[in-house]
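Take a look at the letters that make up each chain.
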Amino acid sequence: MTELTRLAEWTVPDDEIDHLNHMSTVFYAQRSDAGALRLLENLGATPQALDAAGLLPVVVDRHTLFRREQLVGSPLALAGGVTAVGPGRLEIYAEMAHAETGELAAMFRLGVELQARATRTPQAIPAAWAEAARAARIDPPPRSSPRSLPLER
């Protein structure tokens, strides 16, 4: 079974609501990115460690599958985990859900790389952080897999 790490909990505030009275897609992205940074912290890449190494974590790829619109006051939770570790990139799966009912609001696939703070060039993930990510690696839950229609009639 996939174990997702709880990364954040909040209630949707007024300033995250768009002109249609739903949570703005910008804030889905912002919340998922913040969750990815929290996940990195759990692996040892704290803000202090990143500063000391001259590194900046950057979400370089994001795929969002929206499941259910959220309204002001909705209690939400974000959970996720590392699904793959490459020499210069972590792949992360995260999901945002109603904190009380568990109903999914959105699912995310994020690609995160570390970049040199001074040049913004991609850098290798330090060995200790990469090893921690491999040890905590998860398989994305089946509900996150792409769905398609059969070719037959």
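Above this text sits the structure in question.
Cut-offs used in this document
- Residues numbered from 1 in each chain as written.
- Predicted model: local features only at pLDDT ≥ 70, side-chain atom pairs only at ≥ 80, totals over all residues.
- Heavy atoms only, no water.
- Helix = DSSP H or I, 4+ residues; strand = E, 2+ residues; numbered from the N terminus.
- Rg over C-alpha atoms; globule rule 2.2 N^0.38 Å.
- Buried < 20%, exposed > 50% of the residue type's maximum accessible area, 1.4 Å probe, protein only.
- Contact = heavy atoms within 4.5 Å.
- Areas by Shrake-Rupley, 256 points an atom, 1.4 Å probe, with all protein chains shown as cover.
- Lys, Arg positive; Asp, Glu negative; His and termini not counted.
- Charge placed at Lys NZ, Arg CZ, Asp CG, Glu CD.
- Core = buried A, V, L, I, M, F, W, Y, C linked by side-chain atoms within 4.5 Å.
- Pairing = 2+ DSSP bridges.
- Polar contact = N/O pair within 3.5 Å; in protein donor to acceptor, adjacent residues only side chain to side chain.

Draft legend 1. Focus on the overall build of the chain. Along the chain, the regular secondary structure elements total three helices and six strands. Relative to a compact globule of 153 residues, whose C-alpha radius of gyration would be 15 Å, the chain shows 17 Å and is just as compact. C-alpha atoms of the chain, sized along the principal axes, occupy 45 × 45 × 25 Å. Going through the 153 residues of the chain one by one, you find that 40% of them count as buried. Put simply, of all contacts in the chain between residues at least 6 apart along the chain, 69% involve residues at least 24 apart. Of the roughly 8,900 Å² of accessible surface on the chain, 52% is carried by carbon and sulfur atoms. Taken together, the 15 basic and 19 acidic charged side chains of the chain have centroids lying 5 Å from each other.

Draft legend 2. Structural view of the nonpolar core. Grouped together as the largest cluster of nonpolar side chains are 29 residues, with contacts concentrated most on Met-96 and Phe-108. Elements with a contribution of two residues or more to this core: strand 1 (5–11), helix 1 (25–42), strand 3 (75–85), strand 4 (89–98), strand 5 (104–116) and helix 3 (127–135). It is strand 5 that contributes the most residues to this core, six residues altogether. If near-sequence neighbours (up to four positions away) are discounted, Phe-108 is found in contact with Tyr-28, Ser-32, His-63, Thr-64, Leu-78, Ile-92, Tyr-93, Ala-94, Glu-95 and Met-96.

Draft legend 3. Expanded view of the environment of Arg-68. Within the secondary structure, Arg-68 sits in the loop between strand 2 (55–66) and strand 3. Assessed through its relative accessible area of 47%, Arg-68 is described here as partly exposed. Sequence separation between Arg-68 and Met-96 is 28 residues; the distance between their C-alpha atoms is 9.9 Å.

Draft legend 4. Structural context of the pairing of strand 3. Counting buried positions along strand 3 gives nine out of eleven residues, so the element sits mostly inside the fold. Pairing between strand 1 and strand 3: six bridges, direction antiparallel. Along strand 3, the bridge assignment pairs Glu-9 with Ala-77. Relative to strand 4, strand 3 runs antiparallel, the two sharing nine bridges. Each residue of the ladder has a partner; that of Leu-76, found in strand 4, is His-98.

Draft legend 5. How the structure looks around the side chain of Gln-70. Looking at where Gln-70 falls in the secondary structure, it is placed in the loop between strand 2 and strand 3. According to the relative accessible area criterion, Gln-70 is buried, its value standing at 5%. Discounting residues that sit within four places of it in the chain, Gln-70 has contacts with Ile-17, Asn-21, His-22, Met-23, Tyr-28, Leu-76, His-98 and Ala-105.

Draft legend 6. Expanded view of the side chain of Ser-74. Mapped onto the secondary structure, Ser-74 falls in the loop between strand 2 and strand 3. The class for Ser-74 is buried, based on a relative accessible area of 12%. Here the side chain of Ser-74 touches Leu-71 through a polar contact of 2.8 Å, landing on its backbone oxygen.

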